[in-house]
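Fold and geometry: a report
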Amino acid sequence: MWSRYRAAGRLLSISRSLNRKSWRWTSVSAHERALRCTVGEQIHGFTVTEVTAVPELFLTAVKLSHDNTGARYLHVAREDSNNLFSIQFRTTPMDSTGVPHILEHTVLCGSQKYPCRDPFFKMLNRSLSTFMNAFTASDYTLYPFSTQNPKDFQNLLSVYLDAVFFPCLRQLDFWQEGWRLEHENPTDPETPLVFKGVVFNEMKGAFTDNERLFAQHLQNKLLPDHTYGVISGGDPLSIPDLTWEQLRQFHATHYHPSNSRFFTYGNFPLEQHLKQIHEEALVKFQRIESNTDIPKQKLWKNPREHCIKCGLDSFAADPSKQTTVSVSYLLTDITDTFETFTLSLLSSLLVDGPNSPFYKALIESGVGTDFSPDVGFNGSTREAYFSVGLQGIAERDVDAVKQIIARTVDEVIAKGFEEDRIEALLHKIEIQLKHQSTSFGLALTSYIASCWNQDGDPVELLKIADKVSRFRQCLKENPRFLQEKVETYFKDNPHRLTLSMSPEETYCDKQAKMEAEKLKQRISALSGEEKKQIFEKGLELIALQSKSEDTSCLPALKVSDIEPKIPFTLLETTLAADEIPVQYCAQPTNGVVYFRAVSSLNTLPEELKPYVPLFCNVITKMGCGALDYREQAQKIELKTGGMSVSPHIIPDDSHLDVYEQGVLFSSLCLDRNLPDMMHLWSEIFNNPRFEEEEHFRVLVKKTAQELSNGIPDCGHLYASIRASKNLTPSGELQEMFSGMDQVKLMKRIAEMSDIKPVLRKLPRIKKYLLNSDNIRCSVNAAPQQISEASKEVEKFVKGITKSKKERKPVRPHVIEKSSDVRPVGHEMLNSLQITRKLINDPTFKPCQMKTHFVLPFPVNYIGECIRTVPYTAADYARDPNSLATLKTFEKAVEWAKSGEFTQQDIDEAKLAVFAAVDAPIAPSDKGMDHFLYGISDEMKQSHRERLFAVNSDKLVDVSNKYLAVGKSTHGLAVLGPENTDITKDPSWVKR
């Protein structure tokens, strides 16, 4: 996977989604074990060089060096069961053939110990991993995995070590993963030759995204002298210049232990990791000089400007405003961890939120729609950089944007920053340190990767509390500390790039023409014999891909390794104000309180429903009570870790045509700020402000731009949502709220010259949503905080408005459904149940729909959905899932119906399913399946037992029952370029 990582230099950030499943702190045994290591101690070929406790992150870091090879090793001991391993190589390509990216793919296609094809992907079904992937960044390649099972950890470690150090690197694998010349129909030598290859196609798709295109050019032009001046992922026009021999040579020089950095995290013993890594890999190598150092960029004496072209955005609100411009500044070496920390904070102060100077000056100017791509601080390269600008502007406004940026820099130097904004930022860091995430190990390895890659100190990077203290001291000693940084790095910095990007109607045609020209040159240079070999190699590749192979060489867990029972979560439900159900879940949340509420949409008039996502997006950003939108944003940052509102459409667990429709309110705060957070919610519910028309217009344009920009990255999700639209009643609502229908609606609203009619809809929606009529709440907090939390929730519930007249549901068929009471041990936990009001549409008839959204992309995004069964149905445990292309899916269905799978296939499928089912859950998210979806632990255990019981007969039965043609309603959707086959087929609807 090609990734332009921005983790380095940034703070460890919590997920924007407050429902994310996360990590749990239990005891200190791993921490104590690590503290017993002593500097100079030798363990399995490694020598300990440093042992450091980092109390603010509840971890102990142990640095080691491998004696023979010089390989670096960092172990982070933390009482977290979700253990992670990663190995990282500094990879510094000097051209845009994509050699590190293609190598990342190819090493995973088989190794000496595991010579079968694609052992990496086959391990997905032989493991209980919580994460497996690989990433190619601009200057390093990273291979991480995580799992909660010790045996699984050793299995995966063995596969990863053999893959990176002893890969087969077969020529056929290079052709498959990188690029090849092949007949359009590989079995017909009369069809034309074309370029193919996994990475070749991936990068063609990547650069259909104008934001990615801009960000890539920004880095290439700001840091042009060495590896950052090329595209590590590969330029589709340069990829065919790479040879198999060059790939093998790149592996020999870059994938050596002397050029590696090992990272392990969690509560598994360090000694076992070191023993396995030494014995299975490092003992076979000697130290070499890696020669992969990246020199500092030579600083410019004068600023530079560049203009580039891109494709048209068919969803732009104003077709005449599709230009993007930014000004970028080269900053400091990222190994200076305090300076990097300071500049990262400075960046947040400059661009984050409506109180930031660049938001006021640029976003609220009305000149553009949103910040330019890659805005803010980027610490992924040896020298960090900062970028700011606008997208969605007219080409004539480029100079105006440059002037606004220069003027804003001068104003910041003159005025500085309000103390409250600095405190709000430091408060955000405090919450980030306390919030617990299940993917904390992955966040750590990403966070330290760039700095460590440049020989910076990764442990120093983790000492965030020390940096905060030093930062406060610097401000105390010099009130102009931040202004002087702005002067040095922005005002007086000649290494400054102005990059502009404008659309060109013929851009995609020109790209296709250049590819066709390259193809023509390649073909014209081929002899008759070489053409014959290409045809034969194409057949050989098909045969290899179709061949069934022996995977017995791969390690695997057994189904018996899966825990038969799940632990039940203690929940307590009480009534606030004698009528509103509140679920309490006492968890070790480390001083953070998590609040959620769901309000029903059942009484909302149908004509207002399409505007619910917009309402959710702006309701916490328009001001409330005595606070205008700037003051509200400041208060939210000072007193909470974020307040979000989102649509909540949940299919029933036992009937496909029954669903819950509502809005989810989510927030978190430090326990000391709970009264302030709940007061903010009270004001948002009772006194939201809707009078700021210009600010509303800014939010609308920004939202429309973000939705449009998200299509290339999330095209497969849009296709899946559309494909499921006509299969269930909730599917229709999902398309309205989250699908292409919503993208188009926001485009229309952003185009309106008079936005008042839409703004007037918001107070109407508020009347139906922000009241106590149909609401339920939940709180996750430490046991000692539950009592205080219940008082604050009671106060909130009593304070919010109740409708003056009883509102009837718009759709009459409402089902009241209570959650199950669950036994815990031998006691009934609590007799009070949460009742949800669900919608049933007895008139709904599923129908097959095939939709083609014609978009100016060279790639297709495809979704196929099938109406099957709900969660509690016996067949749900056997509902297969495929993300393959439509024809491959059809073949997969035939295979499933035939029952040709073995017991090993079934066991591997169970491992893959249980890996997802048993993913770790954070203290903040315990009990959420019950609160949000009505799925109790008892239902989960019952589902678990059905999964264990799945056998071959049941799989064949379910395949014939739901997947066979004519048995279940299908939905298809394609987002992509014109397609002659679809155009000829009248069953497709073109949009």
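A quick note: this is a predicted structure, and the numbers were derived from the prediction, not measured. (Residues numbered from 1 in each chain as written. Predicted model: local features only at pLDDT ≥ 70, side-chain atom pairs only at ≥ 80, totals over all residues. Heavy atoms only, no water.)

**Some thoughts on the packing of aromatic side chains**
This is how the line gets drawn: Two rings from Phe, Tyr or Trp (for Trp, the six-membered ring) form a pair when their centres are within 6.5 Å of each other. A pair whose planes differ by under 30 degrees is stacked, one over 60 is edge-to-face, and the rest are tilted. In DSSP terms, a helix is any run of H or I states spanning at least four residues, a strand is any run of E spanning at least two, and both are numbered starting from the N terminus. Three labels apply to residues, based on accessible area from a 1.4 Å probe with only protein chains included: buried if under 20% of the type maximum, exposed if over 50%, partly exposed otherwise in between. Two conditions define a charge sitting above a ring: the NZ of Lys or the CZ of Arg must be within 6 Å of the ring centre, and it must be within 35 degrees of the ring normal.
A full pass over the atoms with the stated rule returns 33 aromatic pairs. On the numbers, 5.5 Å between centres and 55° between planes, the contact of Phe165 with Phe285 is tilted. Taken together, the residues span a long stretch of sequence, with Phe165 in helix H4 (residues 150–165) and Phe285 in the loop between helix H9 (270–280) and strand E12 (304–310) at a distance of 120 residues. Take Phe285: its relative accessible area is 15%, and that puts it in the buried class. A ring pair is formed by Phe166 and Phe285, whose centres lie 5.7 Å apart and whose planes are at 20°; its orientation type is stacked. Of this pair, Phe166 sits in the loop between H4 and helix H5 (171–177) while Phe285 sits in the loop between H9 and E12, placing them 119 residues apart in sequence. It is Arg776 that lies over the ring of Phe931; its NZ or CZ is 5.1 Å from the centre.

**What about the packing of helix H13 (residues 419–434) against helix H16 (residues 464–477)?**
The line we're drawing: Axes here mean lines fitted to C-alpha atoms, for a helix over just the part in contact, with angles spanning 0 to 180 degrees between N-to-C directions. Each angle is binned into one of four classes, with values under 35 degrees roughly parallel, values over 145 roughly antiparallel, values of 65 to 115 roughly perpendicular, and all other values oblique. The contact definition used throughout considers only heavy atoms, calling two residues in contact when any of these lie within 4.5 Å.
Where H13 contacts H16, the two axes come as close as 11 Å, and the packing angle between them is 170°. With respect to each other, H13 and H16 are oriented roughly antiparallel. Across the interface between the two elements, Ile422, Glu423, Leu426, Ile429 and Leu433 of H13 pack against Ile464, Val468, Phe471, Arg472 and Leu475 of H16.

**Quick notes on the UniProt feature "domain: Peptidase M16C associated" (unreviewed entry) in the chain**
Just so we agree on the cut-off: UniProt positions are given in the numbering used here, feature names are shortened, and annotations may be inferred rather than shown by experiment.
In this structure's numbering, the residues bearing the UniProt feature "domain: Peptidase M16C associated" (unreviewed entry) are residues 501–749. Annotated as 48% helix and 18% strand, the span residues 501–749 places its first and last C-alpha atoms 25 Å apart.

**Describing the pattern of salt bridges**
Put simply, the rule reads: Any Lys or Arg side-chain nitrogen located within 4 Å of an Asp or Glu carboxyl oxygen qualifies as a salt bridge.
Following the criterion strictly, the structure yields 56 salt bridges and no others. Here Asp741 and Arg722 are joined by a salt bridge, their closest N and O atoms 2.8 Å apart. Linking Asp741 in helix H25 (residues 740–751) with Arg722 in helix H23 (residues 693–723), this pair joins segments that are 19 residues apart in sequence. Accessibility expressed as a relative area gives 24% for Asp741, which makes it partly exposed.

**Re the pairing of strand E10 (residues 193–196)**
Spelled out, the test is: In this scheme, strands are said to pair when DSSP sees at least two bridges between them.
Across the two faces of E10 the burial is the same, with Leu193 and Phe195 and Val194 and Lys196 all buried. When strand E9 (residues 180–183) meets E10, the two strands line up antiparallel, connected through four bridges. Each residue of the ladder has a partner; that of Arg180, found in E10, is Lys196.

**Some details on the packing of helix H22 (residues 674–686) against helix H28 (residues 786–799)**
Definition in use: For any pair of crossing helices, the crossing counts as left-handed if the nearer helix is rotated counterclockwise from the farther one by less than a right angle, and right-handed if it is rotated clockwise. Throughout, the ten residues Ala, Val, Leu, Ile, Met, Phe, Trp, Tyr, Cys and Pro are labelled nonpolar, Asp, Glu, Lys and Arg are labelled charged, and all others, Gly among them, are labelled polar.
One can describe the packing of H22 onto H28 by two numbers: an axis separation of 10 Å at closest approach and a directional angle of 15°. Considering their axes alone, H22 and H28 lie roughly parallel with respect to each other. For the pair H22 and H28, the crossing hand works out as right-handed. Mapping the contact onto sequence places Leu674, Pro675, Met678, Trp681, Ser682, Phe685 and Asn686 in H22 and Glu788, Ala789, Glu792, Phe796 and Gly799 in H28. Looking at side-chain class alone, the contact of H22 with H28 contains seven nonpolar, three polar and two charged residues.

**Remarks on the nonpolar core**
Worth spelling out the cut-off: Side-chain atoms within 4.5 Å are what join buried Ala, Val, Leu, Ile, Met, Phe, Trp, Tyr and Cys residues into a set we call a nonpolar core.
Judged by nonpolar contacts, the single largest core of 131 residues is most densely connected at Phe358, Phe595, Trp681 and Phe696. With eight residues, helix H10 (residues 337–351) is the largest single contributor of residues to this core. In this structure, Trp681 is in contact with Phe595, Thr620, Met643, Ser644, Val645, Phe665, Ser666, Ser667 and Phe796, ignoring residues within four places of it in sequence. Residues Val107, Phe166, Phe262 and Ile294 belong to the second largest nonpolar core, which totals 85 residues.

**Looking at the pairing of strand E23 (residues 775–781)**
E23 sits mainly inside the fold: seven of its seven residues count as buried. Neither face of E23 is open: one carries Ile775, Cys777, Val779 and Ala781, the other Arg776, Ser778 and Asn780, and all of them are buried. Here strand E19 (residues 580–586) pairs with E23 via five bridges, running parallel. Across the sheet, Cys585 pairs through a bridge with Asn780, a residue of E23.

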